[in-house]
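Descriptive analysis of the structure
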Amino acid sequence: MQKPKSSKSYLQSLRCPACNSPLNHSNDGLTCKGEECRKIFPVKDDIPILINETRSVFAIDDFMSKRNTTFSLKKNKIKDFVLRLIPDVSENINAKQNYKKLTNLLLKQNSSPRVLIIGGSIMGKGMEVFMLNPAIDFVESDVSFGERTMLICDAHDLPFADQCFDGVIAQAVLEHVTDPYRCVDEIYRVLKTKGLVYAETPFLQQVHMGPYDFTRFTHLGHRRLFRKFDEIESGATCGPGMALAWAYQGFLQSFARSNALKKLIFIFASFTSFYLKYFDYYLIDKPGALDSASGIYFMGSKGDNLLSDQELIKLYKGAMQI
């Protein structure tokens, strides 16, 4: 799917990720206007590199030198072809319908909404129809270069003015940040009043993306992460069947000492467990699925009230009653 055209009107909303001051745009890059800051941020291949190095695990030079960060920049056509022949053990059950609902809510609030996608260097599961909507102006950011990357930035310090987005999406992102609470605070800051957030985050999944993998959330833990938001909908999006397939694959691979053997086990495990994900079409909305889901989601709007922990406990919808 082709990358949608962007008006680049968001450039006027860019701010210094270190002090949140406006930026001067020039051929050399972007310079902070803050008198005590004056940091200079480069542009690589027409993509601004807006990283606050004092609080990020990434350095600006990582991107200027085009080093691998969260994704490998080298494409292997043979490997990609082989992977397409191997059955996928993953299945995101609710993403498509969730994005359809999100689209309707966004367009109800604004006929031409601007949406920030965090981790947008690649297309997220179930986003195809959502991304094709010509009424929505997308800003696709990431900490890795990709065919869809418009802006390099760290979610801990989003380089945008306050209240400049109608929606923010963080799909399969918050497990890869060192401080998800700070990232969600940043999402809250850049959203307009009643702005919408949609996030999907793993619960029961093995480590992926190597050293850039830090956190998992239960359904209630995820709700607490978004405690400043009013809930529209939440639940499991990847079910227990997928969780079991991932665990089985991880169990077998834990015996391997070489990368070659791990790859062989990956192929064997995929062919012998891919069918488990289909049970999730039946299980996904069952109470027990929340207690053993592979991934969960939250859709909410920017509110004024903070959800207390006493109120949080009352929201438990799983099957493990005390």
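It should be emphasised that the depicted structure is a prediction, and the values quoted were computed from it without experimental measurement.

Mapped onto the fold, histidine 156 is located in the loop between strand S8 (151–153) and strand S9 (165–171). Reaching out from histidine 156, the side chain makes a polar contact with the side chain of threonine 178 at a distance of 3.2 Å. A distance of 3.1 Å separates the side chain of histidine 156 from the backbone nitrogen of aspartate 179, its partner in a polar contact. In this structure histidine 156 touches Val177, Thr178, Asp179, Arg182, Cys183 and Glu186, once residues within four positions along its chain are discounted.

Structurally, the α-helix is built with 3.6 residues per turn, so residues lying three or four positions apart point the same way. With 14 residues, helix H7 (residues 240–253) ought to run about 20 Å at 1.5 Å a step, and its terminal C-alpha atoms sit 20 Å apart, in line with that. All of the buried residues in H7 are Pro240, Gly241, Met242, Ala243, Ala245, Trp246, Gln249 and Leu252. Taken together, the buried residues of H7 touch strand S11 (229–238), helix H8 (259–273), helix H9 (280–283) and helix H10 (287–292).

The subject of this paragraph is the sheet that holds strand S7 (residues 137–142). Sheet architecture is open: nine strands sit in the order S4-S5-S8-S7-S6-S9-S10-S12-S11, paired in mixed fashion. A single partner strand is all that each edge strand has here, and the edge strands are strand S4 (43–44) and S11. Sheet strands in contact with helix H3 (residues 95–109) are strand S6 (114–118), S9, strand S10 (191–202), S11 and strand S12 (295–302), and its direction is about 175° off that of S10.

One pass over the structure, following the stated rule, counts 15 salt bridges. Two residues, aspartate 162 and arginine 189, come together in a salt bridge whose shortest N-O distance is 2.8 Å. Taken together, the residues span a long stretch of sequence, with aspartate 162 in the loop between S8 and S9 and arginine 189 in helix H5 (residues 180–190) at a distance of 27 residues. We classify arginine 189 as buried; its relative accessible area is 19%.

Definitions and cut-offs
Residues numbered from 1 in each chain as written. Predicted model: local features only at pLDDT ≥ 70, side-chain atom pairs only at ≥ 80, totals over all residues. Heavy atoms only, no water. Helix = DSSP H or I, 4+ residues; strand = E, 2+ residues; numbered from the N terminus. Polar contact = N/O pair within 3.5 Å; in protein donor to acceptor, adjacent residues only side chain to side chain. Contact = heavy atoms within 4.5 Å. Expected span 1.5 Å × (residues − 1). Buried < 20%, exposed > 50% of the residue type's maximum accessible area, 1.4 Å probe, protein only. Pairing = 2+ DSSP bridges. Axes fitted to C-alpha atoms, helices over the stretch in contact; angles between N-to-C directions. Salt bridge = Lys/Arg side-chain N within 4 Å of Asp/Glu carboxyl O.

Function-wise, these values are silent; they only describe arrangement.
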